[in-house]
Amino acid sequence: QTKKAPCLIKPEQKLRLLMLGNVDDRKFGLAVDLFNTISRHHTIPFCQIDVYGHIKDKSLANRLKSFSFVKLHGFTDRVDFSNYHLYLCTSKMENLSIAVCEALINYTPVLSFDVGGHGEVIQHLKTGILIAPGNIDQFYDYLQKIYFGAISFDFRDQDLSVYDWEKAARSY
């Protein structure tokens, strides 16, 4: 697969963020806290967040879509990662998220809590950023740094081939 540069942020452009997965407390419960932090600091949001996934918790979905910068799209089996500057993962716990791997394979940097296997696939400050679980203030601070260009990402040394399911199955 040919490597490509991540989607670049142009001046005066909103940061386009992607979130995938079932809308439930485990995956999106902390997103509400993050979105509240963004709202507190910005009367005009600096980002647009698209959420794709099955709605398992309608009350949580209603809280998420109450933010002007969040749009819930429901489930789809195809997402064009090239339309996004960053993939967000606010999961409280996770094994190894396939969505995180899909983002990385598509050269979309990941901003995530350091849960489950994320530390095995995300190269901190190269292909993404790993944050102490539940640290909303640090999550927000990194979002700001990315938006203002203080952090850039580099996928040149990325190798996710060890996580290839077919290779693992043959090895097994």
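Residues numbered from 1 in each chain as written. Predicted model: local features only at pLDDT ≥ 70, side-chain atom pairs only at ≥ 80, totals over all residues. Heavy atoms only, no water.

A.B. asks: Outline the nonpolar core, listing residues and values.
C.D. replies: Nonpolar side chains in soluble globular proteins generally cluster together in the buried interior. Grouped together as the largest cluster of nonpolar side chains are 55 residues, with contacts concentrated most on Phe35, Ile49, Tyr87, Leu88 and Leu143. A total of 7 residues in this core trace back to one element, the largest contributor, which is helix H1 (residues 25-41). With residues near it in sequence (within four places) discarded, Leu88 still touches Leu17, Leu18, Met19, Leu34, Ile49, Leu111, Phe139 and Leu143. (Core = buried A, V, L, I, M, F, W, Y, C linked by side-chain atoms within 4.5 Å. Buried < 20%, exposed > 50% of the residue type's maximum accessible area, 1.4 Å probe, protein only. Helix = DSSP H or I, 4+ residues; strand = E, 2+ residues; numbered from the N terminus. Contact = heavy atoms within 4.5 Å.)

A.B. asks: Outline the pairing of strand S5 (residues 110-113), supporting the account with residue identities and numerical values.
C.D. replies: Looking along a regular strand, one sees the side chains alternate between the two faces of the sheet. Burial along S5 is two-sided: the residues Val110 and Ser112 and Leu111 and Phe113 are all buried. The pairing of strand S4 (residues 86-89) with S5 spans 3 bridges and is parallel. Looking at S5, one finds that Tyr87 is bridged to Val110. Once you follow S4 into helix H3 (residues 98-105) and on to S5, the crossover reads as right-handed. In terms of strand pairing, S5 meets strand S6 (residues 128-131) through 4 bridges, oriented parallel. (Pairing = 2+ DSSP bridges. Right-handed = clockwise from strand over helix to strand, strands pointing away.)

A.B. asks: Give a description of the packing of H1 against helix H2 (residues 58-65) that names residues and reports values.
C.D. replies: As a packed pair, H1 and H2 sit with axes 10 Å apart at the nearest point and diverge in direction by 30 degrees. Between H1 and H2, the crossing angle belongs to the class labelled roughly parallel. Crossing of H1 over H2 shows left-handed handedness. Touching Asp25, Phe28, Gly29, Ala31, Val32 and Phe35 of H1 are Leu60, Arg63 and Leu64, all from H2. Looking at the contact of H1 with H2 residue by residue, the classes come out as 6 nonpolar, 1 polar and 2 charged. (Axes fitted to C-alpha atoms, helices over the stretch in contact; angles between N-to-C directions. Parallel < 35°, antiparallel > 145°, perpendicular 65-115°, else oblique. Left-handed = near helix turned anticlockwise from the far one by under 90°. Nonpolar A, V, L, I, M, F, W, Y, C, P; charged D, E, K, R; others polar.)

A.B. asks: Give a description of the sheet that holds S4 that names residues and reports values.
C.D. replies: Strand order in the open sheet made by the 6 strands is S3-S2-S1-S4-S5-S6, with parallel pairing throughout. Two strands bound the open sheet, and with one partner strand each, they are strand S3 (70-74) and S6. Each neighbouring strand pair of the sheet contributes to a mean axis angle of 20 degrees, computed without reference to strand direction. Strands in contact with H1 are strand S1 (15-20), strand S2 (47-52), S3, S4 and S5; relative to S1, the strand with the most contacts, it is inclined by about 160 degrees. Helix-sheet contacts for H3 involve S1, S4 and S5, and the interaxial angle to S4 is about 165 degrees.

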